[in-house]
Amino acid sequence: MKNICVVGHANNISINEKNTKWAKAVADFVLENNYQLTTGGCIGIPELVANDVAARGGNVLAYSPGFNASEHVTDFGFAENKNIKMRYLKPSKASKNAKFLYRSVDLVDEADLVICFKGTWGTLSELVFAVMCSKKILFLNIDGDNETLKEIYSLMQKINLYNWHESFIEINSISKLKEELEKFKSENK
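This report concerns the structure included in the present document. In this text, all values refer to a predicted model and were calculated from it rather than measured experimentally.

What counts and how
Residues numbered from 1 in each chain as written. Predicted model: local features only at pLDDT ≥ 70, side-chain atom pairs only at ≥ 80, totals over all residues. Heavy atoms only, no water. Helix = DSSP H or I, 4+ residues; strand = E, 2+ residues; numbered from the N terminus. Rg over C-alpha atoms; globule rule 2.2 N^0.38 Å. Buried < 20%, exposed > 50% of the residue type's maximum accessible area, 1.4 Å probe, protein only. Contact = heavy atoms within 4.5 Å. Areas by Shrake-Rupley, 256 points an atom, 1.4 Å probe, with all protein chains shown as cover. Lys, Arg positive; Asp, Glu negative; His and termini not counted. Charge placed at Lys NZ, Arg CZ, Asp CG, Glu CD. Arc of directions from axis to C-beta. Pairing = 2+ DSSP bridges.

**Details of the overall build of the protein chain**
Reasoning step 1: The number of helices and strands found in the protein chain is seven helices and seven strands.
Reasoning step 2: Its C-alpha radius of gyration of 16 Å places the protein chain within 12% of the 16 Å reference for a compact globule of 189 residues.
Reasoning step 3: When its C-alpha atoms are laid out on the principal axes, the protein chain stretches across 40 × 40 × 30 Å.
Reasoning step 4: A buried classification covers 47% of the 189 residues belonging to the protein chain.
Reasoning step 5: Restricting the contact set of the protein chain to residue pairs at least 6 apart, pairs at least 24 apart contribute 68%.
Reasoning step 6: Here the protein chain displays about 9,300 Å² of accessible surface, and carbon together with sulfur accounts for 52% of that area.
Reasoning step 7: Once the 23 positive and 23 negative side-chain charges of the protein chain are each reduced to a mean point, those two points are 2 Å apart.

And the structure:
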């Protein structure tokens with residue numbers, strides 16, 4: 001089963017009508033193809049997609065920064081959705097921020113495709129991991145709202161000897177998103 005990873009804003013300020021339409025397009029694709037959706041187990045855009053897929057009977061796995069359900073909810077403030085499988089970290093003495101990074105390594109490494117919505121430092125770290133793991137990245141730049149991460153990605157290209165730009169595809173429309181998702185499907189039969 002192919003694993004589609006969604007990363008992006010882990011807060012609810014990004015939940016609006018526009019992002020909901022984009023999230024639904026991703027959820028529809030995951031469900032139509034019986035793929036697994038993975039997220040970082042946070043609120044915001046990743047949760048929006050995950051809840052949609054889970055509510056319609058799809059397969060969702062969330063990688064929590066916590067080491068159990070209690071820590072996931074109390075220390076990180078994330079809701080627990082009984083329809084979503086959770087993968088927790090091994091207990092460690094790492095800082096709260098480091099735990100986000102630890103869970104992101106496996107989240108991205110195990111993905112077949114990474115879809116990047118607008119985000120901040122956590123999304124940036126996942127984008128860096130995706131590049132380092134040579135993952136195909138669909139970079140959603142909805143109405144130019146992801147320009148900061150795009151600039152950082154451009155800097156990454158300038159300081160590296162590898163030609164990673166072919167796996168980083170900027171998406172500016174839902175029709176382009178659907179086109180690229182169909183390409184992914186045809187390349188991964």
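**Some points on helix α2 (residues 45-55)**
Reasoning step 1: Along α2, the residues classified as buried are Ile45, Pro46, Val49, Ala50, Val53 and Ala54. Taken end-on, α2 shows its buried residues confined to a sector of 165 degrees, consistent with a single buried face.
Reasoning step 2: Buried residues along α2 sit against β1 (3-7), α1 (17-32), β2 (36-39) and β3 (59-63).

**Here we look at the pairing of β2**
Reasoning step 1: Along β2, one buried face is formed by Gln36 and Thr38 and the opposite face, lined by Leu37 and Thr39, is buried too.
Reasoning step 2: Relative to β2, β1 runs parallel, the two sharing three bridges. Within β2, the residue paired with Ile4 across the bridge is Leu37.
Reasoning step 3: In this structure, β2 lies alongside β3, joined through four bridges in parallel fashion. Its bridge partner lying in β3, Gln36 is registered against Asn59.

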